Amino acid sequence: MKQNKYEIDMCHGTIMDKLISFALPLMLSSILQLMFNAVDVIVVGRFSGSQALAAVGSTTALINTFTNLFIGVSLGANVLAARFYASGKEKEMSETVHTAIMLALISGVVMAVIGQIFARGALELMGTPEDVIDKSTLYMRIYFLGMPFFMMYNYGAAILRAVGDTKRPLLFLIVSGITNALLNMTFVIVFHMSVEGVAIATVISQILSCTLVLRCLHHTEGCYQLRFSRLKIKSYYLKQIFQVGIPAGIQSIVINFSNVLLQSSVNSFGSVSMAGYTAADNLMGFIYVSVNAVTQACMSFTSQNYSVGNYKRMDKVLRNCMILSVAVAAVMGSCFWFFGPQILRVYTNNPEVITHAMEIMSITVMPYFLCGIMDLFPGALRGMGHSGVPMILSVIGTVGTRIIWIFGAFPHHRTLRFLFVCYPGSWAVTIVLQVVCFWFVRKKVHRNRMAEAE
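Residues numbered from 1 in each chain as written. Predicted model: local features only at pLDDT ≥ 70, side-chain atom pairs only at ≥ 80, totals over all residues. Heavy atoms only, no water.

*Asks:* Could you give me a rundown of the overall build of the protein, with the residues and numbers involved?
*Replies:* For the protein, the count of helices and strands is 16 helices and zero strands. Over its C-alpha atoms the protein spans a radius of gyration of 21 Å, differing by no more than 12% from the 22 Å that the globule rule assigns to 454 residues. Projected onto its principal axes, the C-alpha positions of the protein cover 65 × 50 × 35 Å. Pairs at least 24 apart in sequence give 84% of the contacts found in the protein among residues at least 6 apart. Carbon and sulfur atoms form 67% of the exposed surface of the protein, whose accessible area is close to 17,900 Å². Between the mean site of the 33 positive side-chain charges and the mean site of the 21 negative ones, the protein shows a separation of 7 Å. (Helix = DSSP H or I, 4+ residues; strand = E, 2+ residues; numbered from the N terminus. Rg over C-alpha atoms; globule rule 2.2 N^0.38 Å. Contact = heavy atoms within 4.5 Å. Areas by Shrake-Rupley, 256 points an atom, 1.4 Å probe, with all protein chains shown as cover. Lys, Arg positive; Asp, Glu negative; His and termini not counted. Charge placed at Lys NZ, Arg CZ, Asp CG, Glu CD.)

*Asks:* Any chance you could break down the layout of surface pockets for me, citing the residues and the numbers?
*Replies:* Quantified by volume, the second largest pocket comes out at close to 160 Å³. Residue lining of the second largest pocket: Leu62, Thr65, Ala122, Leu125, Met126, Phe257, Val260, Leu261 and Ser264, and that is the complete set. Elements with a minimum of two residues in the lining of the second largest pocket: α3 (60–86), α4 (90–125) and α9 (235–267). Element by element, the count of residues in the lining of the second largest pocket is highest for α9, at four residues. Split by residue class, the lining of the second largest pocket holds seven nonpolar, two polar and no charged. (1 Å grid on protein atoms, 1.4 Å probe; cavity = no way out; pocket = protein on both sides within 12 Å on 5 of 7 lines; lining within 4 Å. Points joined across faces, edges and corners; volume = space filled by probe spheres on them. Nonpolar A, V, L, I, M, F, W, Y, C, P; charged D, E, K, R; others polar.)

*Asks:* So what's going on with the packing of aromatic side chains? Which residues, and what values?
*Replies:* Counting across every chain of the model gives 15 aromatic pairs. Seen from their ring centres, Trp405 and Phe418 are 4.8 Å apart, and the 35° between their planes marks the pair as tilted. One end of the pair, Trp405, is in helix α14 (residues 388–409); the other, Phe418, is in helix α15 (residues 416–419), and 13 residues separate them in sequence. Pairwise contacts between aromatic rings join Tyr277, Tyr368, Phe420, Tyr423 and Trp427 into one cluster. For the cation-ring pair, Arg402 lies above Tyr423, with the distance from its terminal atom to the ring centre recorded as 4.5 Å. Above the ring of Phe269, the side-chain terminus of Arg414 is found at 5.2 Å from the ring centroid. (Phe/Tyr/Trp six-rings, centres within 6.5 Å; stacked < 30°, edge-to-face > 60°. Lys NZ or Arg CZ within 6 Å of the ring centre and 35° of its normal.)

*Asks:* How would you summarise the environment of Ala330 if you had to cite specific residues and measurements?
*Replies:* By the element assignment, Ala330 lies in helix α11 (residues 311–344). Note on Ala330: relative accessible area 36%, which makes it partly exposed. Counting along the chain gives 202 residues from Ala330 to Thr128, while the straight-line C-alpha distance between them is 34 Å. (Buried < 20%, exposed > 50% of the residue type's maximum accessible area, 1.4 Å probe, protein only.)

*Asks:* Quick one: what's the story with the environment of Ala380, residue by residue and with numbers?
*Replies:* The residue Ala380 is located in helix α13 (residues 369–383) in this model. Each C-alpha atom, one on Ala380 and one on Gly156, is 22 Å from the other, the two residues being 224 residues apart in sequence. Apart from residues no more than four positions distant in its own chain, Ala380 is found in contact with Cys298, Thr302, Leu318 and Phe438.

*Asks:* Quick rundown of α14? Include the residues and the values.
*Replies:* Taking 1.5 Å per residue, 22 residues should reach 32 Å; α14 reaches 30 Å between its end C-alpha atoms and fits that length. A bend of about 25° at Val399 is the largest found in α14. Regarding α14, the residues found buried are Pro390, Met391, Leu393, Ser394, Gly397, Thr398, Val399, Arg402 and Ile406. (Expected span 1.5 Å × (residues − 1). Bend = angle between axes of the 7 residues up to and from the residue.)

*Asks:* Can you tell me about the confidence of the model for the protein, naming the residues and giving the values?
*Replies:* This prediction gives the protein a mean pLDDT of 86; 94% of its residues lie at or above 70. Averaged pLDDT values over the elements of the protein bottom out at 70 in helix α2 (residues 50–57) and peak at 93 in α11. (pLDDT = per-residue confidence, 0-100.)

In C-alpha cells form, the structure reads like this:
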C-alpha cells in the first residue's frame, strides 16, 4: 500500500487509471527533457549555423552508445527496488537504494573519463565530416563532464519510479530544464558561444536535477530514504541489479551501435542530410520517450505484482499497456505526419534540411506503434526478472535486420527514404521473436504457480 500522496498502489484496484497516473508524468518528463535538449539544437541551428547543428546532432547516437549500458543497469535497480517495496522488505529496499546510488556515482566518473579520452577517435570512426568534427568533439567532451550527475539523477529517479512516484522527478526536470534553456540562450545569443555554450548549459542543468532528486531521497520518510554516510556497494544487491540491468544495458548499447551505423550512412550524404536527420530524430524521440514511459510503467507494475504473486493482474497490466502505447504512438505519429514541415521550421529555416527530414519521417512516424509493442514484451519480462533472452532476441531482431539492410540492401538503392525502411522492418521482426519468448516464460510462470498450489 502507498505510504504518501506521491506513491501508487500497483497491486490493488483498477489498472488503466493507475497506469496513466504513473506513465503521464513520466511521459511529460521525457518530453520536456527532449524539448529542453531540443533547445540545444534549435539555438545552435538558429544562431550558429547548420555546421553547429550537424555537430551537435552527430554526437547523439554516440553519446547514447557510451551511456546506455549504465542507464540500462538502472532498470535493474528499478525492478529490484519495486520487488522489495511491494513485498515489504524494508531493509533490502534500503540496501538497494544505497548500492544503486553509489554505483551511479562510480559509473558516472568512469563515463566522464571515457568521454575525454575517446570522443574524437569515436567520431572519426563514424566518418564525421572534417567541417564539423572539431565542434562535435568539443561538445562531447564538455557534455561528458556532467556524467556523474546525469547518472545519479537517473538512478535516483529509477528508485522513485519503483514506488510509483513519477511526479516529483517531473517537477525536478521542469526546474533544471528551464535553467538549461535560459543558459543556452544566454551563452549562445548573449555571449556568442557555439556548441560549447549549449554543452556547458547542459552540464549545469544536470547538476541541478541531480541535487534535487538526491535531496528528495534524503528527506523522504519511507524505506527508500537515502543516507549519504551509508553509501556503499553491497555485492548481494549489486549482483541482482546486474542480472536484470546488464542485459538491458547491452541491448541498448548494441541497438545504439546500429544507430551509429545508421548515422554513418547518413553522414555519407553530407552535412545538410545530417542536419535533416538530427531534426527528424529529435521529433521521433518525442514518440519514443512517450511509448517508453508506458514500457516503464509495465515493468514497474509487473515487478511489484510478480513479487506478491498477482500473476493474472500482470497479464491485465500488459494488455492495458499495449492499448495505451498504441494509442499514444498513433496520435503523435499522425501529428508529425500531417504537420511535420511546420514543426520542423522550429529547428531550421533551410528548406533542404526540412525536405531531408520529411523523407525520413515519411517512413518512420506512422508505424512507430510497432516500436512501442516491441518494447513492452521485454519490459514485462524484465519485471519478472528475465532479461537475458529478451536482450538476445532484440539484438537478433533489431540490430541484425538493420545491419543486413544497411550493408545488403542500401548500397543498391542509396536514398534516405530507402535507408530508413529498416526501422519498421526491424520492429516487426523483433515483435515476433519477443512474443514467442514471452509465451514460453509466461507458461513457465503458470507451471510454477500450479506447483506451488499443490
